[in-house]
Amino acid sequence: MRRAARGSRTPRVLLVGGLEPSGRAGLLADAEAVRARGGVPLVAAAAVTAQGRKTFSWTPVAPALVDAQIRGLLELGPIDAVKLGMIPDASQLRALREP
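Residues numbered from 1 in each chain as written. Predicted model: local features only at pLDDT ≥ 70, side-chain atom pairs only at ≥ 80, totals over all residues. Heavy atoms only, no water.

1. Things to note about the sheet that holds strand 2 (residues 40-51)
No. 1: Pairing is mixed in the open sheet, where four strands are placed in the order 3-2-1-4. Both edges of this open sheet fall to strand 3 (56-60) and strand 4 (81-84), since each of them pairs with a single strand only. Taken pair by pair, the neighbouring strands of this sheet meet at an average axis angle of 25°, ignoring direction.
No. 2: The pairing of strand 2 with strand 3 spans five bridges and is antiparallel. Considered in strand 3, the bridge of Gln51 is made with Phe56.
No. 3: In the packing of helix 1 (residues 26-36) onto the sheet, contacts are made with strand 1 (12-19), strand 2 and strand 4, and the angle to strand 1 comes to roughly 160°. (Pairing = 2+ DSSP bridges. Helix = DSSP H or I, 4+ residues; strand = E, 2+ residues; numbered from the N terminus. Axes fitted to C-alpha atoms, helices over the stretch in contact; angles between N-to-C directions. Contact = heavy atoms within 4.5 Å.)

2. A word on the environment of Gly23
No. 1: By the secondary structure assignment, Gly23 is in the loop between strand 1 and helix 1.
No. 2: With residues near it in sequence (within four places) discarded, Gly23 still touches Leu28 and Ala29.

3. A look at the pattern of salt bridges
No. 1: Scanning all chains against the criterion turns up four salt bridges.
No. 2: Glu20 serves as the salt-bridge partner of Arg24, at 3.8 Å between the closest nitrogen and oxygen.
No. 3: A salt bridge links Asp30 to Lys83; the shortest N-O distance between them is 3.0 Å. With Asp30 in helix 1 and Lys83 in strand 4, this residue pair connects regions lying 53 residues apart in the sequence.
No. 4: Note on Asp30: relative accessible area 18%, which makes it buried. (Salt bridge = Lys/Arg side-chain N within 4 Å of Asp/Glu carboxyl O. Buried < 20%, exposed > 50% of the residue type's maximum accessible area, 1.4 Å probe, protein only.)

4. Observations concerning the pairing of strand 2
No. 1: Pairing of strand 1 with strand 2, which is carried by eight bridges, proceeds in the parallel orientation. Bridging from a neighbouring strand, Leu19 pairs with Val48 of strand 2.
No. 2: For the segment spanning strand 1, helix 1 and strand 2, crossover handedness is right-handed.
No. 3: Adjacent in sequence and paired antiparallel, strand 2 and strand 3 are bridged by four residues. (Right-handed = clockwise from strand over helix to strand, strands pointing away.)

5. Quick look at the packing of helix 2 (residues 63-75) against helix 3 (residues 90-97)
No. 1: Orientation of helix 2 relative to helix 3, taken along the N-to-C sense of each, is 30°, at an axis distance of 8 Å. Judged on the interaxial angle alone, helix 3 and helix 2 are roughly parallel. In this structure, helix 2 meets helix 3 at a crossing whose hand is right-handed. Across the interface between the two elements, Pro63, Val66, Asp67 and Ile70 of helix 2 pack against Ser91, Gln92, Ala95 and Leu96 of helix 3. (Parallel < 35°, antiparallel > 145°, perpendicular 65-115°, else oblique. Left-handed = near helix turned anticlockwise from the far one by under 90°.)

Laid out in structure tokens, this is it:
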């Protein structure tokens, strides 16, 4: 991601994927990377995970909620880039096309 020129606004990056609560992967790690490059992370969860040393579980977020998350973010301003992570199935992917 290029740094914004002086006087221009900071790039807003939509991150869609899985929420991994420890921040070792998924949306929290992606948000940290976007901030480190000078962007503003906008997060929409397509799945929620539970991960540890012995634990691994995940559940998809309803496509209507994925759609609503993105529509809400669009109401707050333009999106300059999109990064996709964990997209559980085609229904969430279709929800991304709508907004």
